[in-house]
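# Observations on the three-dimensional arrangement
Spelled out, the chains give:
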Amino acid sequence: QVQLVESGGGLVQAGGSLRLSCAASGNIFSVNVMGWYRGAPGKARVLVATIGGGGRANYADSVKGRFTISRDNAKNTVYLQMNSLKPEDTAVYYCNSDILLYGSTRYSEHWGQGTQVTVSS
């Protein structure tokens, strides 16, 4: 019923930049918090950044000052601008969103399939 499609991952040298995008589509009535997590396949995912519907953002300490999260509510899309990338930022990045579906009475959590970000030293 809902798909979160990520794009923008890839290989970049340390100090470089990448921009991730995640578009939510489907039977969507409303989108609440959207965010990005990262981790290795099969391992726990760690919060990178989240943004509320009003634009209030929250960041992990490890990315503050380097990453910027934003969203386009009209497109149900969230972005992650990543600057000054470091090798330790290498991970699979997952999009996450709390979505209210048509006909539902409460928000449900949804995940994207993940996009690989690799930062070489």
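Residues numbered from 1 in each chain as written. Predicted model: local features only at pLDDT ≥ 70, side-chain atom pairs only at ≥ 80, totals over all residues. Heavy atoms only, no water.

Turning our attention to the sheet that holds strand β7 (residues 67-72). Taken in spatial order, the 4 strands line up as β1-β3-β8-β7 in an open sheet, and their pairing is antiparallel. Unpaired on one side and paired on the other, β1 (2-7) and β7 mark the two borders of the sheet. Adjacent strand axes in the sheet meet at a mean angle of 15°, parallel and antiparallel pairs treated alike. Relative to strand β8 (residues 77-82), strand β3 (residues 18-26) is paired through 6 bridges, and the arrangement is antiparallel. Residue pairing in the sheet places C22 in a bridge with V78 of β8. (Pairing = 2+ DSSP bridges. Helix = DSSP H or I, 4+ residues; strand = E, 2+ residues; numbered from the N terminus. Axes fitted to C-alpha atoms, helices over the stretch in contact; angles between N-to-C directions.)

Right, let's get into the nonpolar core. Grouped together as the largest cluster of nonpolar side chains are 29 residues, with contacts concentrated most on W36, L80, M82 and Y93. Mapped by element, the contributors of at least two residues to this core are β1, β3, β4 (28-39), β5 (46-51), β7, β8, β9 (91-101) and β11 (115-120). Here this core gets 5 residues from one element, more than from any other, and that element is β9. In this structure M82 touches G16, S17, L18, L20, R66, F67, Y93 and V117, once residues within four positions along its chain are discounted. (Core = buried A, V, L, I, M, F, W, Y, C linked by side-chain atoms within 4.5 Å. Buried < 20%, exposed > 50% of the residue type's maximum accessible area, 1.4 Å probe, protein only. Contact = heavy atoms within 4.5 Å.)

Here R66 lies in the loop between β6 (57-59) and β7. In this structure R66 comes out as buried when scored by relative accessible area, which is 10%. Distance in space between the C-alpha atoms of R66 and S84 is 6.0 Å, their sequence separation being 18 residues. Those residues within four positions of R66 in sequence are excluded, and the remaining contacts are Q81, M82, N83, S84, L85, K86 and D89. Among the polar contacts listed, one links the side chain of R66 to the backbone oxygen of S84, at a separation of 3.0 Å. One polar contact links R66 to D89, side chain to side chain, over a distance of 2.7 Å. (Polar contact = N/O pair within 3.5 Å; in protein donor to acceptor, adjacent residues only side chain to side chain.)

Here we take up the packing of aromatic side chains. Per the stated rule, a full pass over the model turns up 2 aromatic pairs. With a centroid separation of 5.3 Å and an interplanar angle of 80°, the aromatic rings of F29 and Y102 are classed as edge-to-face. Of this pair, F29 sits in strand β4 while Y102 sits in the loop between β9 and β10 (108-111), placing them 73 residues apart in sequence. With a relative accessible area of 52%, F29 lands in the exposed category. (Phe/Tyr/Trp six-rings, centres within 6.5 Å; stacked < 30°, edge-to-face > 60°.)

This paragraph deals with the pattern of salt bridges. Taken as a whole and judged by the stated rule, the model has 3 salt bridges. Residues D89 and R38 are paired through a salt bridge, measuring 3.0 Å at the closest nitrogen-oxygen approach. Residue D89 is found in the loop between β8 and β9, and its partner R38 is found in strand β4; the two are separated by 51 residues along the sequence. Look at the salt bridges and you will find they share partners, linking R38, R66 and D89 into a network. (Salt bridge = Lys/Arg side-chain N within 4 Å of Asp/Glu carboxyl O.)

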